[in-house]
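Survey of secondary and tertiary structure
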Amino acid sequence: MTEYDVASESPYAFLGEEETRAWYAYMKVHLRMRYEMDHQLRGDHGISLADYDVLVALVSDPERTLSVSDLATRIGSERSRVSHQLRSLSARGLVTLATDPDDRRVTRVALSDRGDDTLADVSPRHIDFVRSVFFDALTPPQVQEMSTMFEGIYDQLIRHGTLPRPVDRP
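Residues numbered from 1 in each chain as written. Predicted model: local features only at pLDDT ≥ 70, side-chain atom pairs only at ≥ 80, totals over all residues. Heavy atoms only, no water.

Turning to the nonpolar core, a few remarks are in order. Within the largest apolar cluster, 25 residues are counted, with the highest numbers of intra-cluster contacts made by Y52, L58, L71, L86, V95 and V109. For this core, the secondary-structure elements that each account for two or more residues are α2 (17–45), α3 (49–59), α4 (68–75), α5 (79–91), β3 (103–111) and α6 (113–133). When residues of this core are assigned to their parent elements, the largest contribution, six residues, is made by α3. In this structure, L58 is in contact with R64, T65, L66, V95, V109, A110 and L111, ignoring residues within four places of it in sequence. (Core = buried A, V, L, I, M, F, W, Y, C linked by side-chain atoms within 4.5 Å. Buried < 20%, exposed > 50% of the residue type's maximum accessible area, 1.4 Å probe, protein only. Helix = DSSP H or I, 4+ residues; strand = E, 2+ residues; numbered from the N terminus. Contact = heavy atoms within 4.5 Å.)

On to the pairing of β3. Direction of pairing for strand β1 (residues 65–67) relative to β3: antiparallel, over a ladder of three bridges. Among the inter-strand pairings, S67 is bridged to a residue of β3, identified as R108. As paired strands, strand β2 (residues 95–100) and β3 are joined by six bridges and run antiparallel to one another. What sits directly across from T99, in β3, is T107. In textbook terms, the turn of a hairpin is the stretch between consecutive antiparallel strands, and for β2 and β3 this stretch comprises two residues. (Pairing = 2+ DSSP bridges.)

Throughout the structure, instances matching the rule amount to three aromatic pairs. With a centroid separation of 5.4 Å and an interplanar angle of 35°, the aromatic rings of W23 and Y26 are classed as tilted. Here Y26 and W23 lie together in helix α2, a separation of three residues that amounts to about one turn. Relative to F150, the ring of Y26 has its centre 6.3 Å away and its plane inclined at 50°; by these criteria the two rings are tilted. Residue Y26 is found in helix α2, and its partner F150 is found in helix α7 (residues 140–160); the two are separated by 124 residues along the sequence. A residue is classified by how much of its surface remains accessible, and F150, at 37% relative accessible area, is partly exposed. Three or more aromatic residues joined by ring pairs make a cluster, and in this case those are W23, Y26 and F150. (Phe/Tyr/Trp six-rings, centres within 6.5 Å; stacked < 30°, edge-to-face > 60°.)

Right, let's talk about the packing of α3 against α6 for a bit. Remark: α3 packs on α6, axes separated minimally by 10 Å, with the N-to-C direction vectors making an angle of 110°. Here α3 lies roughly perpendicular to α6, going by the angle between them. Considering only the axes of α3 and α6, their crossing is left-handed. Every residue of α6 that contacts α3 at Y52, L55, V56 and V59 is listed here: G115, D116, T118, L119, V122, S123 and H126. Considering only residue class, the contact of α3 with α6 consists of six nonpolar, four polar and one charged. (Axes fitted to C-alpha atoms, helices over the stretch in contact; angles between N-to-C directions. Parallel < 35°, antiparallel > 145°, perpendicular 65-115°, else oblique. Left-handed = near helix turned anticlockwise from the far one by under 90°. Nonpolar A, V, L, I, M, F, W, Y, C, P; charged D, E, K, R; others polar.)

Secondary-structure assignment places V59 in helix α3. Linking V59 and A110, residues 51 residues apart in sequence, is a C-alpha distance of 9.0 Å. Filtering out sequence-adjacent residues up to four positions away, V59 remains in contact with R64, L111, D116 and L119.

Right, let's talk about a nonpolar patch on the surface for a bit. Judged by side-chain polarity, L15, W23, Y24, Y26, M149, F150 and I153 come together as a nonpolar surface patch covering roughly 690 Å² of accessible area. Counting only elements with at least two residues in the nonpolar patch, the list comes to α2 and α7. Along the polypeptide, Y24 turns up in helix α2. Residue classification places Y24 among the partly exposed residues on the basis of a relative accessible area of 37%. (Patch = residues over 30% accessible without salt bridge, like charges linked within 9 Å, V, L, I, M, F, W, Y side chains within 5 Å. Areas by Shrake-Rupley, 256 points an atom, 1.4 Å probe, with all protein chains shown as cover. Salt bridge = Lys/Arg side-chain N within 4 Å of Asp/Glu carboxyl O.)

Once that is clear, we can look at the environment of T107. Note that T107 resides in strand β3. Each C-alpha atom, one on T107 and one on S147, is 34 Å from the other, the two residues being 40 residues apart in sequence. Not counting residues up to four positions away in its chain, the partners in contact with T107 are L66, S67, V68, L97 and A98.

Next comes the structure, spelled out in structure tokens:
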């Protein structure tokens, strides 16, 4: 009996055997990747994966500026958690926070020059790490298939989830 057979016999298992196997495989990779990326970023550059997520979200915006709410939606996090993260990033000079001139209830977050420089410094080693532990295990056709699969899953998640579709996603 495999670990998946045991899971499928559980009164709490509602997925089929192959669904359970796929879900466990995904969760193991997802959780371990987040841990290892955070470890790599902290060890090599002194920033957390959460910091990196915010900086990448800001650099991906054409104006490198987002409202706190839009930033939270883009990175799939709670607004209160993002606000806490932003205070830390602002204190280190990686982002700037300002009241929106058109709506004083809205806080705008901008990538600072120091944040841009940090991201430029961090990204090459981080990308090499991601490639070595993730993409090097896949063939080009597998990468293409994975892209297609995750795009479909993401669209389904947007349809059934609680956060709106981020502005940067059609």
